[in-house]
Amino acid sequence: MVIYRLAPGDSAPWDGRYRLVAHYGEPQGRVVSVKRGERLPLVEVEGDSLLWFIREDEPGEAVNAA
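Predicted model, so just to flag it, every value in this text is computed and none were measured. (Residues numbered from 1 in each chain as written. Predicted model: local features only at pLDDT ≥ 70, side-chain atom pairs only at ≥ 80, totals over all residues. Heavy atoms only, no water.)

1. Quick notes on the nonpolar core
Membership of the largest hydrophobic core is limited to 10 residues, which are Leu6, Ala12, Tyr18, Leu20, Ala22, Val32, Val34, Leu40, Leu51 and Phe53. Of all the secondary structure elements, the ones that give two or more residues to this core are strand 1 (16–22), strand 2 (27–34) and strand 3 (51–55). (Core = buried A, V, L, I, M, F, W, Y, C linked by side-chain atoms within 4.5 Å. Buried < 20%, exposed > 50% of the residue type's maximum accessible area, 1.4 Å probe, protein only. Helix = DSSP H or I, 4+ residues; strand = E, 2+ residues; numbered from the N terminus.)

2. Side note on the pattern of salt bridges
Any two side chains of opposite charge can pair, so long as their charged atoms come close to each other. Under the counting rule described, the total for this entry stands at 2 salt bridges. Arginine 17 is the partner of glutamate 56 in a salt bridge, and the nearest nitrogen-oxygen pair spans 3.1 Å. Of this pair, glutamate 56 sits in the segment after strand 3 while arginine 17 is found in strand 1, placing the two residues 39 residues apart along the sequence. Accessibility expressed as a relative area gives 31% for arginine 17, which makes it partly exposed. When its relative accessible area of 4% is taken as the criterion, glutamate 56 is described as buried. Connected through salt bridges with shared partners, the residues Arg17, Arg19 and Glu56 form a single ionic network. (Salt bridge = Lys/Arg side-chain N within 4 Å of Asp/Glu carboxyl O.)

Okay, here's the thing in structure tokens:
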């Protein structure tokens, strides 16, 4: 299964819910719903932290990035 990681500010390639996760897939407590082509929200990070948005497979079901 391929998990697409999208940077904050990227355009969403699909309609859906996107969960903010840290580098190893740790949930960061933020989920947004966007339509295809809308930009994912920008996120403030501390230090060298990397945060990504991943699409949830089904509403309410979290996906962990590897």
